[in-house]
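# Observations on the three-dimensional arrangement
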Amino acid sequence: MTNLEQYYLTEEHNLFRKTLRDFLDKEVVPFVDQWEIDQQVPKEIFLKFGEMGFFGLTQEEKYGGSNLDFWYDVIFIEEVSKSNSGGFGASISAHPYLSMSHLKHEASDALKANYLPKAISGEWHGALAITEPHAGSDVAGIKTTAVKDGDEYVINGSKCFITNGVSADYIVVACKTSSTGSSGISMILVDGNSIGLSKNNLKKLGWKASDTAELAFDNVRVPITNLLGEENKGFYYIMQRFELERLTLALGAIASSEWAMEYTLQYMNERKAFGRTINKFQVLRHRIAQLTAELENVKTFTYHVCKMHADKNYCVKEASMAKLLATELSDKVAYQCLQMFGGYGYMEEYKMARFFRDSRLGTIGGGSSEIMLEIISKMVIDDVSYGQQESRAKNQDISIDDLFSSLPLRLKKEKANGVELKVLFEFENDLNYLIEIKNQEIKSSVIENKNLITYDFLLTTNTQTYIAVETGKLNPQEAFMNGKIQVSDLGKMMQFGSLFKKYSN
Ligand SMILES: Cc1cc2nc3c(=O)[nH]c(=O)nc-3n(C[C@H](O)[C@H](O)[C@H](O)COP(=O)(O)OP(=O)(O)OC[C@H]3O[C@@H](n4cnc5c(N)ncnc54)[C@H](O)[C@@H]3O)c2cc1C
C-alpha cells in the first residue's frame, strides 16, 4: 500500500484487494496469454467473478449486490488492470461499469429484476453500444434508429468497436427515436441473440483478449418495455455515465503503468551492461524518478476525483482531466519503460510489448484526449455545466419566464462593460419579449405590440427550442443551421450569447 492509499482506504478495503489479487493470480494471470490468442475472455471467467461477488460490489442487495462503497470499485479496476492484459481488463470491466451502470441507473424495476441478478452473478454479461462507423466522438451524430411498431421498437443501423459486442448476452444500445439532434437519442436494452442482429469480431492492434464487435441491426425487434429511462433522454444518460467510465479508464491507466514500472525495475535490477546493472546508470534512474513523480502526481489527483465521485459530487470536469492526464502518461510510461528493455522490450516473450500495444487505446477509447480537452475547455472557458443535464432533462417545468428572469444573475458583468443591446425575442402565439442591456444591467419585458419598438436584432423561434438551447439540450449552431432559430443579425446574436452563463436550475 502506498502512502496515498492509506489516506483513502480502510483495513476492509485492503483485505478485499488481497482476496481479489489472490483470485486474479490463480484464475486469470496464468490464462491471459491464451485469451489473447483466442481474442475473447471465456464465459466461465465471468461466472467465477460473479460467484466471488465482484460484479455486484456497489449494486443493491435485493439484486444480489453487496451495496459497498465506491472504493471497492476503485480497487477492482486497479487490480484487474495489473494483469497485463488490457483486453481482459476491458472485457471484465465493460460489463459492470459500462453496460450494468446504465441498468443500475436507468432501467425500470421490471428490467432490473430480470437482468441485474443474472448480470451480478456473471451468468449474463453485457456491452454498451454507442459508437457507429461514422459517429464516435460525435455521439449526437449516431444514425441507428428505433421506430415504434405497436408494443415493439424496430432497430436498424450499425455499431462498431463494441467491447464484448460479440459475446454479450445483452447490449445497451443508443438509438435515434426522434430526429432532433442529441435530444432524440434513447437507450434500449437488446438481447445479444436477437433475430436480425449480426456480429463480427474486429482484429486489433492491442486489447486482444477482449472481443470488439461490429454490429448490424436489421429490423431487430425489442419490446418497448426495454427502453432505459425516458425516451429521447439517452444523450444525457450517456453524458452522466461518462463520468464513471472516464474515472475507471484513468484508474486503469495508472494501475497498469504502476505494474509496468515495477516490472521494469525488476528487469533493470537484473540486466547488466558495461559491468553493472542498468539501474545504476544515472540517465535511466532519472527517467524512472521522473515517471514515478508524474505517476504519483496523477494518481493523487485521480484519488481525489474518486473521493468526489464517492461523495456524489459532480466531477465531470475532474474525471475528464484525470482520464486525459492518466492515459497520456500511460503512453509515456509504455514508451520509456520499453526502452529500458532494449531489444527484449520489442519481443513478445517479454511483457512490455503487450503493455505498449494495450496502453495506446487509452487516449482514444471512452472519449479521446482531444474530446477531453474540448469538454474541459467548454467548462473552463464557456461555463458549460454537464452536471445538471440529467436533472434538466427530467425537468419539464422550465418556462421562458424562468429563463429571462435568471438573465441578470447569469450576466457576465465584466463582458457586458460598455455593451448596449436591445434584442426582440419573437415566440409562437404572438409572445414577444424585449431584452435590454445597458450599463452592465439587464431588463426584460413582455411587449404587447412589437411594431412600436426599436431593437438591434430580432430572434424568432419557438419556446420549446429556446428552452432546449438554454438548458444545453440543443446546440445553438445546430438550431440555427436547421432553421429552428432565425436571427436578423448573427454577429450581434453571438455577442449577446457570449454575455451569459448557461442556465442551470
Ligand atoms: C478497442 C476499442 C474498444 C471500444 N469499446 C467501445 C464500446 O464498448 N462501446 C462504444 O460505444 N464505443 C467503443 N469504442 C469506441 C471509442 O469510444 C471511439 O473510438 C472513440 O470515442 C473515438 O471515436 P472514433 O473512433 O469514431 O474517432 P473520431 O470521432 O472519428 O475521431 C477521429 C480523430 O478526430 C479527433 N476529433 C474528433 N472530434 C474532434 C473535435 N471536436 N475536436 C478535436 N478533435 C476531434 C479525435 O480525437 C480523433 O483523434 C471502442 C474503441 C476501441 C478502439
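Keep in mind that what you see is a predicted model, and the values were worked out from it rather than measured.

### Some thoughts on the environment of Asp 73
- Note on placement: Asp 73 falls in helix H5 (residues 70-80).
- Sequence-wise, Asp 73 and Ile 376 are 303 residues apart; in three dimensions their C-alpha atoms are separated by 25 Å.
- Every residue in contact with Asp 73, bar those within four places of it in the chain, is listed here: Leu 57, Thr 58 and Tyr 97.

### As for the domain arrangement of the protein chain
- When the domains of the protein chain are assigned, the result is domain 1 (3-124), domain 2 (127-234), domain 3 (236-381) and domain 4 (395-498).
- A separation of 30 Å is found between the C-alpha centroids of domain 2 and domain 3.
- Taken together, the contact pairs 16 residues of domain 2 with eleven residues of domain 3.
- For the pairing of domain 2 and domain 3, the buried interface totals around 1100 Å² over both sides, and the portion due to carbon and sulfur atoms is 70%.
- Area buried by domain 2 at its contact with domain 3 is led by Leu 205, Trp 207 and Lys 233, which between them contribute 40% of it.
- Between the two partners, domain 2 and domain 3, sit zero salt bridges.

### As for helix H12 (residues 369-381)
- Along its 13 residues, H12 runs 18 Å from first to last C-alpha, staying within 8% of the 18 Å computed at 1.5 Å per residue.
- Among the residues making up H12, those that are buried are Ser 369, Met 372, Ile 375, Ile 376 and Met 379. Buried positions in H12, seen along its axis, are confined to an arc of 120° and lie on one side of it. H12 presents Glu 370 and Ile 381 as exposed residues on the side facing more than 90 degrees away from its buried surface.
- Contacts from the buried residues of H12 go to helix H8 (234-270) and helix H10 (316-340).

### Description of unusual backbone geometry
- Phi is positive for Asn 164, which is not a glycine, with a value near 70°.
- Overall, the relative accessible area of 0% leaves Asn 164 in the buried class.
- Although it is not a glycine, Lys 312 sits at a positive phi angle of roughly 60°.

### Considerations on the pattern of salt bridges
- Tallied over the full model, the rule gives 30 salt bridges.
- Across the pair Lys 148 and Glu 231 runs a salt bridge, and its minimum N-O distance is 3.4 Å. With Lys 148 in strand S2 (residues 145-149) and Glu 231 in the loop between strand S8 (227-228) and H8, this pair connects stretches of sequence that are 83 residues apart.
- Taking relative accessible area as the criterion, Glu 231 reaches 28% and is therefore assigned partly exposed.
- Across the pair Glu 348 and Arg 357 runs a salt bridge whose closest N-O atoms are separated by 2.5 Å.
- Residue Glu 348 is classed as exposed on the basis of its relative accessible area of 53%.
- A residue is classified by how much of its surface remains accessible, and Arg 357, at 16% relative accessible area, is buried.
- Beyond isolated ion pairs, a larger network of salt bridges with shared partners links Glu 5, Arg 17, Arg 21, Asp 25, Glu 78, Glu 79, Lys 82, Glu 258 and Lys 299.

### Let's talk about the packing of helix H2 (residues 11-27) against H5
- H5 packs onto H2 with a crossing angle of 30° between their chain directions and a minimal axis gap of 10 Å. Our classification of the angle between H2 and H5 gives roughly parallel. With respect to the hand of their crossing, H2 and H5 are arranged in right-handed fashion. Taking contact as the criterion, the partners of Glu 12, His 13, Phe 16, Arg 17, Leu 20, Arg 21 and Leu 24 in H2 are, on H5, Trp 71, Tyr 72, Ile 75, Phe 76, Glu 78, Glu 79 and Val 80.

### A few points about the site of the ligand
- In the vicinity of the ligand lie 18 residues, with Thr 131, Ser 137, Phe 161, Ser 368 and Glu 370 positioned nearest.
- Contacts to the ligand include Leu 128, whose backbone N or O atom sits 2.8 Å from a nitrogen atom.
- For the ligand, whose unbound accessible area comes to 970 Å², protein coverage reaches 64%.
- When contributions to the shell around the ligand are tallied by element, the ones reaching two or more residues are strand S1 (126-129), strand S3 (152-163) and H12.
- Classifying every residue of the shell around the ligand gives nine nonpolar, seven polar and two charged.
- When residues of the shell around the ligand are assigned to domains, at least three map to each of domain 2 (127-234) and domain 3 (236-381).

Thresholds, definitions, all that
Residues numbered from 1 in each chain as written. Predicted model: local features only at pLDDT ≥ 70, side-chain atom pairs only at ≥ 80, totals over all residues. Heavy atoms only, no water. Helix = DSSP H or I, 4+ residues; strand = E, 2+ residues; numbered from the N terminus. Contact = heavy atoms within 4.5 Å. Domains from an automatic or database assignment. Buried area = accessible area lost by both parts, 1.4 Å probe. Salt bridge = Lys/Arg side-chain N within 4 Å of Asp/Glu carboxyl O. Expected span 1.5 Å × (residues − 1). Buried < 20%, exposed > 50% of the residue type's maximum accessible area, 1.4 Å probe, protein only. Arc of directions from axis to C-beta. Axes fitted to C-alpha atoms, helices over the stretch in contact; angles between N-to-C directions. Parallel < 35°, antiparallel > 145°, perpendicular 65-115°, else oblique. Left-handed = near helix turned anticlockwise from the far one by under 90°. Near = heavy atom within 4 Å. Polar contact = N/O pair within 3.5 Å; in protein donor to acceptor, adjacent residues only side chain to side chain. Areas by Shrake-Rupley, 256 points an atom, 1.4 Å probe, with all protein chains shown as cover. Nonpolar A, V, L, I, M, F, W, Y, C, P; charged D, E, K, R; others polar.

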